[in-house]
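# Tertiary structure, described
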Amino acid sequence: MKIKIAVPSKGRISEPSINILEKAGLGLIDKNNRKLISKTFYDNIEIMFARASDIPEFVNDGVADMGITGVDLINENESDVSELLDLRFGQTKLVLAAPEESDINSVDDITNDMKVATEFPVLTKKYFEEKGLNLKIVKLSGSTEAAPFIGLADLITDLTSTGTTLKMNHLEIIDVILESSIKLIANNESLNEKRELIEAVSTSIKGVLDADRKKLIMMNVKEMDLDKVKNVMPSMGGLTISEVLSDERTVAVQAVIDEKQVFELVNDLRNAGAKDILVVPIERII
């Protein structure tokens, strides 16, 4: 039994998608050649490179068993897929925007005789239908920001992370249509038929996500100082304490902590009596 995972072949989410798969242990053998299909270190798992916009349909139709793509593209394609994980990158918003110098300052200023340009006609149409509006939709495949200034449209809907590009093009955000991030998805039939393998992939990736910005801290502590160390030590699931074979009554203490706690905590631990402190990166937490 094999599974195929569809990954964006290019664009802003391509490299992060490949990196998270490799951190999860699915090393890509042919990634530098960027063939359509890349083998991994596991004979029963293959990576398929595709356009991010095609991945929801590929997973929906069973061309791929799993995929990595954005919520915006899943919804735009109206794909019936299972969302397994939010991969915690690629956060963006689909927004409605109008020229700064126009008379459109809110949705209430929009009328049915206006036109809207977009790369997301399905989501845009649904949005306006919910508002009781029926605008003409001009579908574009790029350069959406220019549409109001060359007479193609009065409004646009477009993806933005910070809004900077819109401001540079003298456009003002009127409303947020959808907040999006990158998801790990699966074909519904594949999830039933190949559940064990798909869940193994999902669990490994979740382990990478859970380990992000986490550190394993280890130290030796005299038993007489153990209570003081416990008082300053945070941890995800309690401390692990084991005996150290030493002339003095000493224990080894370890715990998982957030990376941002390391600087201050190390000094607090030293003051509490901890010695031989080690801070170690974590690849995965399962």
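What you see is a predicted model, and the numbers here were worked out from it, not measured in a lab. (Residues numbered from 1 in each chain as written. Predicted model: local features only at pLDDT ≥ 70, side-chain atom pairs only at ≥ 80, totals over all residues. Heavy atoms only, no water.)

The next subject is the side chain of K214. Within the secondary structure, K214 sits in strand β12 (residues 214-222). Only 3.2 Å separates the side chain of K214 from the side chain of D258, close enough to count as a polar contact. (Helix = DSSP H or I, 4+ residues; strand = E, 2+ residues; numbered from the N terminus. Polar contact = N/O pair within 3.5 Å; in protein donor to acceptor, adjacent residues only side chain to side chain.)

Here we take up unusual backbone geometry. Although it is not a glycine, E78 sits at a positive phi angle of roughly 50°. Judged by relative accessible area, which is 52%, E78 ranks as exposed. (Buried < 20%, exposed > 50% of the residue type's maximum accessible area, 1.4 Å probe, protein only.)

A word on the sheet that holds strand β5 (residues 82-86). Reading across the sheet, the six strands line up as β2-β3-β1-β4-β11-β5 and stay open at both edges, with mixed pairing between neighbours. Of all strands in the sheet, those bounded by a partner on one side alone are β2 (37-39) and β5. The average undirected angle you get between the axes of adjacent strands in this sheet is 30°. Bridge count between β5 and strand β11 (residues 182-186): four bridges; the pairing is antiparallel. Within β11, the residue paired with D86 across the bridge is K183. The sheet contacts of helix α1 (residues 14-23) involve β1 (3-8), β3 (45-50) and β4 (66-70), and relative to β1 the element is tilted by about 145°. (Pairing = 2+ DSSP bridges. Axes fitted to C-alpha atoms, helices over the stretch in contact; angles between N-to-C directions. Contact = heavy atoms within 4.5 Å.)

Here the focus is the pattern of salt bridges. Scanning the entire structure with this criterion turns up 14 salt bridges. For E199, the salt bridge goes to R195, with nearest N and O atoms at 3.3 Å. Within this pair, E199 and its partner R195 are both found in helix α7 (residues 195-211), separated by four residues, close to a single helical turn. A residue is classified by how much of its surface remains accessible, and R195, at 36% relative accessible area, is partly exposed. As a salt-bridge pair, K228 and D225 come within 3.2 Å of each other at their nearest N and O atoms. (Salt bridge = Lys/Arg side-chain N within 4 Å of Asp/Glu carboxyl O.)

The next subject is helix α4 (residues 121-130). Listed as buried for α4 are P121, L123, T124, Y127 and F128. Down the axis, α4 shows its buried residues gathered within 165° of arc, on one side only. For α4, the secondary structure elements touched by its buried residues are α3 (71-76), β6 (92-99), β7 (115-118), β8 (136-139), β9 (155-160) and β10 (171-180). Among the residues trailing α4, G132 stands out with phi positive, at a value near 75°. (Arc of directions from axis to C-beta.)

Geometric values such as these leave the question of function open.
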